[in-house]
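Single-letter residue listing:
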Amino acid sequence: MNSEYKQVKRMTTTGRIIHWANAISMVVAIITGLYIGHPYYQTFIADGAVDKYVMAWNRWGHFIVAIIFDVTSVVIAYLFFFSRFEKAYKKVIPTGKNIAQFIEVIINLATLNRRKKFDSTHSDSFNSVYFLIFHLLLAWMLLTGLQLYVSGLESGLSSIGKWWPWMLHISTDWTRGVCGGTIMDVRIVHHYTMWYIITWVVFHIYYQVWRTIFWKEADIAIVFGGSKFVKEK
Amino acid sequence: MSDRIEGVKKLFTSKSARVETNKGESYYLDLFEKCQTRLSELRASQPANRLDFSGLLNDNGIDRRDFMKWVSATTAMLMLPPMFSPLVAEAAELMNRAPVIWLELQDCAGNSEALLRSDGPKIDEIVLDIISLEYHETLQAASGFQAEKQLDEAIETFKGKFLLFVEGSIPMGMNGQYGTIGASGETFHDHLMRVSKDAAAVIAVGACATFGGIPAAAPNPTGAVGVMDVVKGKPLVNIPACPANPVNMVGVVMHYVLTGQLPELDSLLRPKFAFGYRIHDNCERRAHFDAGEYVEEWGDEGAKNNFCLYKMGCKGPMTFNNCSIVRYNEAVNWPIGVGRGCIGCSEPDFWDKYAYERPMANAKIKAPTGGVEKTVDEFGLGLLTAAGIGIGIHAIASAVGGKKDDGGEA
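For clarity, every value in this text was computed on a predicted model and none was experimentally measured.

## A word on the overall build of chain B
Tallying secondary structure elements over chain B gives 18 helices and 11 strands in all. For chain B, buried positions account for 46% of its 410 residues.

## A short note on the overall build of chain A
The number of helices and strands found in chain A is nine helices and two strands. Reading the helices (α) and strands (β) of chain A from amino to carboxyl end gives β-α-α-α-α-α-α-α-α-α-β. Principal-axis analysis of the C-alpha atoms gives chain A an extent of 65 × 40 × 30 Å. Among the 233 residues that make up chain A, the fraction classed as buried is 25%. Restricting the contact set of chain A to residue pairs at least 6 apart, pairs at least 24 apart contribute 66%.

## Examining the nonpolar core
If you look at the biggest cluster of nonpolar residues, it comprises 116 residues, and the most contacted ones within it are Leu163, Leu164, Val166, Ile203, Val253 and Val257 of chain B. By residue number, the principal contributor to this core is helix α12 (residues 246–259) of chain B, which donates nine residues. Residue assignment places this core across two domains, with domain 1 (2–13 + 23–273) and domain 2 (279–363) of chain B each supplying three or more. Residues Met26, Val65, Phe69 and Met141 of chain A belong to the second largest nonpolar core, which totals seven residues.

## Focus: the sheet that holds strand β1 (residues 99–104) of chain B
Strands in a sheet are paired, the pairing made by backbone hydrogen bonds, and the direction either parallel or antiparallel. Residue and element names in this part refer to chain B. Ordered by their spatial adjacency, five strands build an open sheet running β2-β1-β3-β7-β9, and the pairing between neighbours is parallel. The sheet is open, and its two borders are formed by β2 (132–136) and β9 (236–239), each paired with just one other strand. If you compare each strand with its neighbour and ignore which way they point, the axes differ by 20 degrees on average. Examined bridge by bridge, β1 and β2 share four bridges and lie parallel to one another. Note that in β2 the partner of Trp102 across the bridge is His136. Set on the sheet, α12 makes contact with β3 (163–167), β7 (201–205) and β9; between it and β9 the angle comes to about 155 degrees.

## Side note on helix α3 (residues 54–82) of chain A
For α3 of chain A, built from 29 residues, the straight-helix expectation of 42 Å at 1.5 Å per residue is met to within 8% by its first-to-last C-alpha distance of 42 Å. For α3 of chain A, the set of buried residues is Val54, Met55, Asn58, His62, Val65, Ala66, Phe69 and Ile76 of chain A.

## Quick word on the confidence of the model for chain B
All names here are of chain B. Taken over all residues, the pLDDT of chain B has a mean of 86, while the share at 70 or more is 92%. Within chain B, the lowest mean pLDDT, 65, falls on helix α1 (residues 2–13), and the highest, 96, falls on strand β4 (residues 170–171). The ipTM value of the predicted complex is 0.87, and its pTM value is 0.85.

## A word on the interface of chain A and chain B
Between chain A and chain B, the residue contacts involve 42 residues of the former and 47 residues of the latter. For the side of chain A that touches chain B, the elements supplying multiple residues, two or more each, are α2 (49–52), α3 and α8 (183–215) of chain A. For the side of chain A that touches chain B, the element with the most residues is α8 of chain A, which contributes 16 residues.

## Considering the pairing of β7 of chain B
Residue and element names in this part refer to chain B. For β7, the tally of buried residues reaches four of five residues, placing the bulk of the element in the interior. Alignment of β3 against β7, held across five bridges, turns out to be parallel. When the sheet's bridge partners are listed, Glu167 is paired in β7 with Val205. Relative to β9, β7 is paired through four bridges, and the arrangement is parallel. Pairing of Ile203 across the sheet is with Val237, part of β9.

## Re the domain arrangement of chain B
By convention, interface size is frequently given as the accessible area that disappears when the constituent parts associate. Residue and element names in this part refer to chain B. Taken domain by domain, chain B holds domain 1 (2–13 + 23–273) and domain 2 (279–363). Distance from the C-alpha centre of domain 1 to the C-alpha centre of domain 2: 28 Å. Of the residues lining the interface, 16 residues belong to domain 1; the matching set on domain 2 comes to 13 residues. Here the side of domain 1 that touches domain 2 is composed, by residue class, of 11 nonpolar, three polar and two charged.

## Considering the environment of Arg97 of chain B
Residue and element names in this part refer to chain B. By the secondary structure assignment, Arg97 is in the loop between α5 (85–93) and β1. A count of 22 C-beta atoms within 10 Å places Arg97 in the buried class. Along the sequence, Arg97 and Glu297 sit 200 residues apart, while their C-alpha atoms lie 51 Å from each other. When neighbours within four sequence positions are excluded, Arg97 is seen to be in contact with Leu42, Ser45, Pro47 and Ala48.

## Side note on α12 of chain B
When the terminal C-alpha atoms of α12 of chain B are compared, their 20 Å separation across 14 residues agrees well with the 20 Å that a helix rising 1.5 Å per residue should span. Trailing α12 of chain B by a residue or two, Gly260 of chain B shows a phi angle of about 75 degrees, which is positive.

## Topic: the environment of Ile131 of chain B
Residue and element names in this part refer to chain B. Following the sequence through the fold, Ile131 ends up in the loop between α7 (123–130) and β2. Overall, the presence of 23 C-beta atoms within 10 Å leaves Ile131 in the buried class. For Ile131 and Met95, which are 36 residues apart along the polypeptide, the C-alpha to C-alpha distance reads 5.0 Å. In contact with Ile131, not counting residues within four places along its chain, are Met95, Asn96, Ala98, Val100 and Val253.

## A few points about the packing of α5 of chain B against α12 of chain B
Residue and element names in this part refer to chain B. Here α5 crosses α12 at 100 degrees, and the two axes come no closer than 9 Å. Considering the angle they form, α5 stands roughly perpendicular to α12. Counted together, Leu87, Val88 and Ala91 of α5 and Met254, Val257 and Leu258 of α12 form the full contact between these two elements. Here the contact of α5 with α12 is composed, by residue class, of six nonpolar, no polar and no charged.

## So, unusual backbone geometry
Following Ala218 of chain B, the chain continues into Pro219 of chain B via a peptide bond in cis, with omega recorded as 0 degrees. By the secondary structure assignment, Pro219 of chain B is in the loop between α10 (206–211) and β8 (224–225). Put simply, Cys242 of chain B and Pro243 of chain B share a cis peptide bond, and its omega is 0 degrees. Phi is positive for Lys216 of chain A, close to 55 degrees, though the residue is something other than glycine. Mapped onto the elements, Lys216 of chain A comes out in the loop between α8 and α9 (222–225). Although it is not a glycine, Asn175 of chain B adopts a positive phi angle of roughly 55 degrees. Along the polypeptide, Asn175 of chain B turns up in the loop between β4 and β5 (180–181).

## Thoughts on the pairing of β1 of chain B
Residue and element names in this part refer to chain B. For β1, the tally of buried residues reaches six of six residues, placing the bulk of the element in the interior. Burial along β1 is two-sided: Pro99, Ile101 and Leu103 facing one way and Val100, Trp102 and Glu104 facing the other are all buried. Sheet topology note: the β1/β3 ladder contains five bridges and is parallel. Bridge pairing in β3 places Ile101 opposite Leu164.

Calculation criteria
Residues numbered from 1 in each chain as written. Chains lettered and ligands numbered in written order. Predicted model: local features only at pLDDT ≥ 70, side-chain atom pairs only at ≥ 80, totals over all residues. Helix = DSSP H or I, 4+ residues; strand = E, 2+ residues; numbered from the N terminus. Buried ≥ 20, exposed ≤ 12 C-beta atoms within 10 Å, placed from the backbone. Contact = placed C-beta atoms within 7 Å. Core = buried A, V, L, I, M, F, W, Y, C linked by C-beta atoms within 7 Å. Domains from an automatic or database assignment. Pairing = 2+ DSSP bridges. Axes fitted to C-alpha atoms, helices over the stretch in contact; angles between N-to-C directions. Expected span 1.5 Å × (residues − 1). pLDDT = per-residue confidence, 0-100. Nonpolar A, V, L, I, M, F, W, Y, C, P; charged D, E, K, R; others polar. Parallel < 35°, antiparallel > 145°, perpendicular 65-115°, else oblique.

Below, the structure written as structure tokens:
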């Protein structure tokens with residue numbers, strides 16, 4: 001290793017596990033979600049209905065990854081404020097320093113790295129805001145998704161008790177009004193949000209690769225090894 | 001009377017989505033006594049017409065056994081234990097003590113038609129025949145000033161006691177001038193407000209009266225709204241669907257005659273006994289849904305084998321109604337039973353948001369960007385393409401003119 005570079009730890013093991021759990025969950029959620037919205041492959045007619053269970057398995061997979069999202073979101077929301085490693089929320093508060101850095105990062109991207117006047121050692125304000133947007137989109141997906149889910153628990157019963165549908169009604173019924181009044185609006189919005197998230201992901205991957213190539217600080221390694229490397233000043 | 005009002009208020013302020021099917025023995029014993037008292041009061045009162053229920057049943061070839069089957073089914077539908085069956089039977093006979101005024105506003109009269117045009121009147125229709133229909137704009141012989149006089153008399157005689165059935169939406173555009181009625185040219189809105197003022201309760205029947213229905217579909221030229229948007233401070237029940245199922249109308253009237261109260265309602269003021277369940281969960285084709293067996297096009301092998309209609313746009317998974325349980329026309333059949341999907345007619349905004357007869361993901365709807373209608377996926381792919389083009393331009397520009405920090409390399 002070039003001795004001019006120092007190693008900077010940027011992501012904890014927990015953080016990286018959550019990142020990849022989310023990435024895999026998202027791929028599964030999109031594949032199964034598109035099937036639930038509009039079943040795009042057919043099953044063999046020769047089998048009895050009871051043997052196939054294709055839609056049911058798709059919904060099962062969709063709900064399982066939704067639960068993984070649920071749990072990791074709670075963990076991430078907690079770490080956002082209380083992590084001992086990095087207090088991410090401090091980077092999204094619109095202080096003068098953060099706003100200046102936010103603009104500098106955009107200028108860096110727009111000038112194709114010809115101007116780079118900010119410290120890229122630690123998570124910058126632009127990426128922090130960008131990640132926050134992602135988590136808000138994800139939270140919105142969870143709330144609308146749980147609202148769609150609880151509408152099928154109209155008996156008020158569930159295998160884990162009555163508290164579960166009750167809690168879901170309390171916490172997600174408002175999404176109906178926000179989306180436009182009916183359960184169908186919630187469904188439409190849930191589907192739109194998927195496209196926003198996919199678009200988010202596309203830029204996210206591009207931007208991390210771009211940083212790696214042009215900054216030459218091995219940013220892409222953060223999510224695998226947890227560290228990046230910056231020049232000793 | 002005051003505790004009755006309190007009871008109605010309580011019903012209308014409880015908005016839980018839960019359907020409580022068993023409220024415990026003491027509740028039912030108490031209710032049983034209340035119903036008995038109520039029925040004996042009704043029996044003592046003067047019937048509003050001389051129609052004889054058992055005579056009508058005989059005339060229509062319905063024997064006692066059929067009637068008792070109907071009584072059991074109705075008792076179960078109202079979520080009452082079997083011991084209430086005799087009371088339900090008695091209430092059916094006493095239906096001619098329930099004065100009803102029926103207003104016909106902006107709609108196709110489909111709900112009245114649903115009652116009238118059955119090939120042979122079944123018990124539900126007969127029960128609705130003998131309710132004391134004091135005034136029905138579509139059915140009555142009277143017209144003009146004569147009709148108005150009849151309405152005034154009915155309101156005066158049954159002040160605070162009659163049930164007001166409303167069919168059709170209320171046009172609010174142009175000061176309500178899109179719909180006027182009677183010799184004096186009263187607008188639908190004023191007409192409804194005047195009559196509802198003295199009603200014991202208002203029962204909005206059909207998709208139009210409940211949520212505006214087809215008249216309120218985009219672009220809603222007449223500014224149509226449902227009854228609950230204009231009538232305030234009155235007990236109100238919504239019985240949506242296009243048309244509303246006579247079974248559910250009977251259920252509500254029966255509940256009122258029996259207990260003097262309106263049934264328990266959900267947050268859209270629909271009786272829970274009818275609208276507490278999703279069509280999807282009691283659908284006879286549900287197994288095919290879970291299996292992934294769908295009708296791909298009309299008349300294909302799947303259609304011949306009663307496969308699920310989800311891909312043909314069935315909205316059963318998002319629609320709350322009891323069609324899949326009670327069906328229509330005395331349980332003869334219902335939309336999914338005849339091989340076409342549910343169009344969600346008992347949900348708000350059904351014409352714009354449910355009835356496009358293809359899966360939601362394939363439906364052309366207004367995109368968030370406005371303009372031409374497209375499917376959600378078309379919009380999403382457009383968004384993704386735009387992002388891809390932007391990224392492509394940036395990537396090429398970076399490759400050509402970007403500056404790499406070459407500090408790490410020799």
